[in-house]
Amino acid sequence: MLHYKTYIKGDKHPWVTFIHGAGGSSSVWFKQIREFRQEHNILLLDLRGHGRSERGRWKKGDSFREVADDVVEVMDKLGISRSHMIGMSLGTIVAQTLAERHPGRVKSLILGGAVIGLDIRTKLLLWAGNTFKRFVPYMLLYKLFAYIIMPKKEHEESRLAFVNQAKKMCQKEFVKWFSLTKLINPYLARLQSTTTGVPTLFLMGEEDYLFIPPVEEVVSRSEKFRLITIRNSGHVCNIDQPDEFNRHSIGYIREMESAIGAA
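The following paragraphs examine the structure supplied in this document. All figures in this text were calculated on a predicted structure; none of them were measured in a lab.

Criteria and cut-off values
Here the residue numbering is sequential within each chain, running from 1 through the sequence in written order. Only residues with pLDDT of 70 or above have their local features reported here, since the model is predicted, and side-chain atom pairs are shown and tallied only from 80 upward, although totals for entire chains, interfaces and linings are computed over all residues. Just so you know, side-chain values use all the structure's heavy atoms and leave hydrogens and water out. Helix and strand definitions here come from DSSP, where helices need a minimum of 4 consecutive H or I residues and strands a minimum of 2 consecutive E residues; each element is numbered from the N-terminal end. Partly exposed residues are those whose accessible area sits between 20% and 50% of the maximum for their type, while under 20% is buried and over 50% is exposed, using a 1.4 Å probe and protein chains only. Residues are treated as being in contact if the distance between any of their heavy atoms lies within 4.5 Å. Residue exposure ignores everything except the shown protein chains as possible cover, and the areas themselves are Shrake-Rupley values with a 1.4 Å probe. Salt bridges, as used here, are contacts in which a Lys or Arg side-chain nitrogen is within 4 Å of a carboxyl oxygen on Asp or Glu. What we call a nonpolar core is a set of buried Ala, Val, Leu, Ile, Met, Phe, Trp, Tyr and Cys residues that are connected through their side-chain atoms within 4.5 Å. Polar contact criterion, stated in full: a pair of N or O atoms within 3.5 Å, where within protein one must be able to donate a hydrogen and the other to accept it, and residues adjacent in sequence count only if both atoms are side-chain atoms. Note on aromatic contacts: the rings of Phe and Tyr and the six-membered ring of Trp form a pair at centre separations within 6.5 Å, being stacked when their planes are under 30 degrees apart, edge-to-face when over 60 apart, and tilted otherwise.

1. Details of the overall build of the protein
Inference 1: A count of helices and strands for the protein gives 11 helices and seven strands.
Inference 2: Burial statistics for the protein: of 263 residues in total, 57% are counted as buried.
Inference 3: When contacts within the protein are restricted to residue pairs at least 6 apart in sequence, long-range pairs at least 24 apart make up 78% of them.
Inference 4: In the structure as shown, the protein presents an accessible area of about 11,900 Å², 54% of it carried by carbon and sulfur atoms.

Rendered as structure tokens:
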């Protein structure tokens with residue numbers, strides 16, 4: 001089972017599950033815990049091969065579906081019937097996959113630095129990574145991707161946080177995770193169409209230049225989707241601008257809880 005940690009406020013308070021991105025760990029949410037634990041029960045997870053979760057969990061053919069089921073396995077053990085899901089970067093795909101496979105377990109989605117579509121630059125980046133992933137040391141590739149996605153000096157804390165966490169991975173786990181990106185574009189297109197019934201808030205840094213355009217397009221097509229752009233922030237907006245990220249996320253959860261209570 002995945003390594004996890006909980007902060008429990010009480011039965012009357014909603015659960016919030018945090019899902020980090022590839023190369024990260026549950027520690028990337030350190031700027032969220034103090035604010036969220038005041039009104040919520042918190043579930044922090046290390047995805048397979050990350051942080052303190054076990055290595056070697058992969059089986060042939062595993063995909064984001066199995067990664068999402070890992071999260072549900074922990075929820076089942078803890079008796080969490082429903083939760084708000086907060087994802088970051090590639091963790092947003094895990095969160096959306098969970099919502100697609102287990103819609104009754106998800107109250108809402110809050111997707112930071114959401115990856116929902118790839119432009120030509122991102123496709124080329126992933127092609128290069130998949131071509132050289134078995135031959136080039138994974139940390140060299142990861143640092144390159146981190147600089148391309150988070151290039152500015154203002155993004156340095158976010159870059160370092162993910163690079164330092166990625167050092168705890170091994171080459172084999174990195175290769176497994178990177179292999180999930182091979183067919184990601186058609187998968188993402190279908191995923192967006194099957195989760196339109198789930199209330200979703202996209203929180204995007206205004207400097208997240210690779211991933212904002214697809215989000216803007218998707219949000220324009222669904223009344224259930226909402227986008228807030230955070231100023232002076234890059235891809236990992238929960239670290240770049242934690243106060244804004246927390247304020248918008250907590251406000252959205254309150255709104256969703258009120259709607260659930262009124263239903």
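Continuing now.
2. So, unusual backbone geometry
A negative phi angle is the norm for most residues apart from glycine, just as the trans form is the norm for most peptide bonds.
Inference 1: Phi at S89 takes a positive value of approximately 55°, unusual for a residue other than glycine.
Inference 2: Classification of S89 as buried rests on a relative accessible area of 15%.
Inference 3: Backbone geometry places N232, a non-glycine residue, at a positive phi of 55°.
Inference 4: For N232, the location among the structural elements is in the loop between β7 (225-230) and α10 (237-240).

3. Remarks on the side chain of N246
Inference 1: Within the fold, N246 resides in helix α11 (residues 242-262).
Inference 2: Here N246 falls in the buried class, since its relative accessible area comes to 4%.
Inference 3: Those residues in contact with N246 that lie beyond four places of it in its chain are K31, Q32, E35 and F36.

4. What about the pattern of salt bridges?
Inference 1: Evaluation of the coordinates by the stated rule reveals 13 salt bridges.
Inference 2: As a salt-bridge pair, E73 and R57 come within 2.7 Å of each other at their nearest N and O atoms. Residue E73 is located in helix α2 (residues 64-78), and its partner R57 is located in the loop between β3 (41-45) and α2; the two are separated by 16 residues in the primary sequence.
Inference 3: Looking at E73, the relative accessible area reads 32%, which means it is partly exposed.
Inference 4: Note that E257 and K107 form a salt bridge whose closest N and O atoms lie 3.0 Å from each other. Of this pair, E257 sits in helix α11 while K107 sits in strand β5 (residues 106-112); the two residues are 150 residues apart in sequence, bridging distant segments of the chain.
Inference 5: We classify E257 as partly exposed; its relative accessible area is 25%.
Inference 6: Exposure remark for K107: the relative accessible area of 16% places this residue in the buried category.
Inference 7: Each member of the salt-bridge network shares a partner with another, and the members are R48, E54, R57, D62, D70 and E73.

5. What to know about the nonpolar core
Inference 1: One finds F64, I86, I93 and F202 to be the most contacted residues of the largest nonpolar core, which totals 72 residues.
Inference 2: Leave out the neighbours within four places in its chain, and I86 touches V16, T17, F18, I19, W29, F36, I110, F245, S249 and I253.

6. Notes on the side chain of S222
Inference 1: Looking at where S222 falls in the secondary structure, it is placed in the loop between α9 (212-219) and β7.
Inference 2: From its side chain, S222 meets the backbone nitrogen of K224 in a polar contact 3.2 Å long.

7. Observations regarding the packing of aromatic side chains
Inference 1: Using the criterion set out here, one finds four aromatic pairs in the structure.
Inference 2: On the basis of an interplanar angle of 85° and a centroid distance of 5.2 Å, the ring pair of F18 and F36 is categorised as edge-to-face. Of the two residues, F18 is situated in strand β2 (residues 15-19) and F36 in helix α1 (residues 33-36); the sequence distance between them amounts to 18 residues.
Inference 3: A ring pair is formed by F202 and F225, whose centres lie 5.6 Å apart and whose planes are at 85°; its orientation type is edge-to-face. In this pair, F202 is assigned in strand β6 (residues 200-205) and F225 in strand β7, connecting sequence segments 23 residues apart. As far as the burial class goes, F202 and F225 line up, both buried.
Inference 4: Ring pairs connect the aromatic residues F18, W29, F36 and F245, which therefore count as one cluster.

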